[in-house]
Amino acid sequence: MEETGGGASPAAVELRGITKRFGPVVATDSVDFVVHPGEVHALVGENGAGKSTLMSVLAGLYRPDAGLLLLGGVPTVFRSPADAMARGIGMVYQHFMLVEPFTVAENVLLGLPGGLRLETAAVEGELAELGERYGLAVNPRAAVWTLSVGEQQRVEILRLLHRGARVLVLDEPTAVLTPQETAGLLRTLRGLAADGFAVVFISHKLDEVLAVADRITILRRGRTVAATTPAETDRRTLARLMVGRELAAFVERPAAEPRPEHTFGAPLLEIRGLHVAGDNRLPALAGVDLRLRAGETLGIAGVAGNGQRELAEAVTGLRPVAAGSILIDGEETTGLEPGALARLGVAHVPEDRLATGLVPGLDLADNAVLRAYDRPPFSQGPFLVPGAIAGFADRLIAENEVRAPGRTAKLGTLSGGNQQKLLLGRELAGEPSLIVAVHPTRGVDVAATETIHRRLREQRARGAATLLISEDLDELLALADRIAVLFEGKIVGTVFANKADIEHLGLLMAGLRGRTEAGRAPGAVPSGG
Ligand code: ADP
Ligand code: MG
């Protein structure tokens, strides 16, 4: 592809014809990519498009099968991430690489020649200075485990800056941030570019990309399909380039039409004073009260790790309740087994679909009847009824637009989005009265997200109650009637989605607004609502 940049500044790094394969998968196919000093270059594409792979080649984690990397115009081979780092290229991965018991300064020193024997006081001073300059404030003496995810991300960036990185690659950094933290990070990236750093920003949030980028490269299925600038494009065009077709979500407004509260049915789920222990035996939920009516979607917002998982597991019977009660349709269901709850009409779309929902080594038909194979119509007495199973699996595949060679394909060969559509379809097949959906579109591509959202809207229209747990505010705003914010195991505020103020939700998610104030906030739901 022809270079579209200004031409005046030399490329900091250039990737030419990069091909990287993983077994039979061609993750990137002869991709060209140029990074200039002083610019933010956004890299977008659906899940699996090859973004992380391409950038991992740039950062020395992967050696390409074909293609060249040029540094200041000179062909160069990086033997490792440390090698790339020594030449000024650093990457913040989706999973941070910090050592939790160590302090911020110690994490920065780790891996440096001399390591922890170096003068920590000097490093602390340097970090404070860098933090001040680029809006990356964090206490250099704090242990990493005490920091929020947003702060840990700042440590990762500071570490790269401290090592002298001139090219910074950030892989989906905003996926874990509140709206305010995201705004802060975007300002930081602009500040870095202004100081001559080259920044690569990966995101699937197109508004962010349009706000921060100088240039945008779009990957689809391992190939570059376009390179453009924010001035020349818009969300809809970018989405079309990413997916390869027009998406309904960008044609119609995605928001569900929130209905006046009084038109909902009777309370279907009632949670009273719920206390649940977390994996570390610290309380994960510390007194949660929620009510959810038939035909209503209640969104649970919050930064990861504030009790979302434990809430979902308690409601679906996967985790014991320490105190409080859960009522479904007026019946006490606290402590019931997952199977008993499923028979009461509770569907569960779990956070980790391969750990609790699906079995990758089984075929689609077996996965389709995983929870019901021992009952009619799939079994008669001790005998399976293959025709019934096949018919059901075919219907799930068709209705949920699962892209697969057929029902005999192994589940593990499908993409995450197609696995999720099958799981969702299976869970919804019995017309459940309560749906607990946890991050239903996380790690799922744009097209599959569209299908999943459509199916969830159908359930709401049918009168099902949905508890929708998501870290994606756009998703909650598009699907929920009300949004409750979970922070440190408590609901710190509840708002009507159609009147919600993103700024305010962000403050609630960050724990910067308490319960008392929520009552006066925009769109706030009167207590007990
Ligand atoms: P993106 O970051 O755009 O979501 P990735 O670069 O992670 O995409 O993945 C591109 C393709 O390569 C996908 O099909 C993915 O499954 C595959 N892939 C990525 N990393 C590995 C790996 N370590 N082993 C095998 N396949 C991989
Ligand atoms: Mg990725």
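Data block above holds the structure.
Predicted model, so just to flag it, every value in this text is computed and none were measured.

Draft legend 1. Seen up close, the nonpolar core. Core analysis: the biggest nonpolar cluster contains 48 residues, and Leu161, Leu168, Leu170, Leu189, Leu192, Phe201 and Ile216 have the highest contact counts within it. Once residues lying within four places of it in the same chain are set aside, the contact partners of Leu170 are Val92, Ile157, Leu185, Leu189, Val199, Val200, Phe201 and Ile202. The next biggest cluster of nonpolar side chains, apart from the first, holds 44 residues, and it includes Val349, Leu364, Val369 and Ala497.

Draft legend 2. A look at the layout of surface pockets. Computed from the structure, the second largest pocket encloses a volume of approximately 680 Å³. Forming the boundary of the second largest pocket are 26 residues, of which Ala342, Val346, Arg371, Arg375 and Glu427 lie nearest the centre. When residues in the lining of the second largest pocket are grouped by element, the largest group, five residues, is from helix α11 (residues 338-343).

Draft legend 3. Representation of the sheet that holds strand β7 (residues 167-171). Across the sheet, which stays open at both edges, the six strands sit in the order β6-β7-β8-β3-β9-β10 with mixed pairing between neighbours. The open sheet has two edge strands with one neighbour each: β6 (89-92) and β10 (223-228). Neighbouring strand axes in the sheet, compared pairwise and without regard to direction, differ in orientation by 20° on average. Sitting on the sheet, helix α8 (residues 235-243) touches β3 (40-44), β9 (215-220) and β10, and the angle it makes with β9 is about 30°.

Draft legend 4. Structural view of unusual backbone geometry. The omega angle of the peptide bond from Pro376 to Pro377 is 5°, so this bond is cis rather than trans. Summarising the element assignment, Pro377 is placed in the loop between α13 (364-368) and β17 (379-380). A positive phi angle is found at Asp329, which is not glycine, with a value near 55°. Relative to the helices and strands, Asp329 is located in the loop between β14 (323-328) and β15 (331-332).

Draft legend 5. Broad picture of the packing of aromatic side chains. Summed over all chains, the structure comprises three aromatic pairs. Taking 5.2 Å as the distance between ring centres and 75° as the angle between the ring planes, the aromatic pair formed by Phe22 and Tyr62 counts as edge-to-face. Of the two residues, Phe22 is situated in strand β1 (residues 13-22) and Tyr62 in the loop between α1 (51-58) and β4 (66-71); the sequence distance between them amounts to 40 residues. For Tyr62, a relative accessible area of 27% puts it in the partly exposed group. A ring pair is formed by Tyr134 and Phe197, whose centres lie 5.9 Å apart and whose planes are at 90°; its orientation type is edge-to-face.

Cut-offs and rules
Residues numbered from 1 in each chain as written. Chains lettered and ligands numbered in written order. Predicted model: local features only at pLDDT ≥ 70, side-chain atom pairs only at ≥ 80, totals over all residues. Heavy atoms only, no water. Core = buried A, V, L, I, M, F, W, Y, C linked by side-chain atoms within 4.5 Å. Buried < 20%, exposed > 50% of the residue type's maximum accessible area, 1.4 Å probe, protein only. Contact = heavy atoms within 4.5 Å. 1 Å grid on protein atoms, 1.4 Å probe; cavity = no way out; pocket = protein on both sides within 12 Å on 5 of 7 lines; lining within 4 Å. Points joined across faces, edges and corners; volume = space filled by probe spheres on them. Helix = DSSP H or I, 4+ residues; strand = E, 2+ residues; numbered from the N terminus. Pairing = 2+ DSSP bridges. Axes fitted to C-alpha atoms, helices over the stretch in contact; angles between N-to-C directions. Phe/Tyr/Trp six-rings, centres within 6.5 Å; stacked < 30°, edge-to-face > 60°.

These figures come from the coordinates and say nothing about function on their own.
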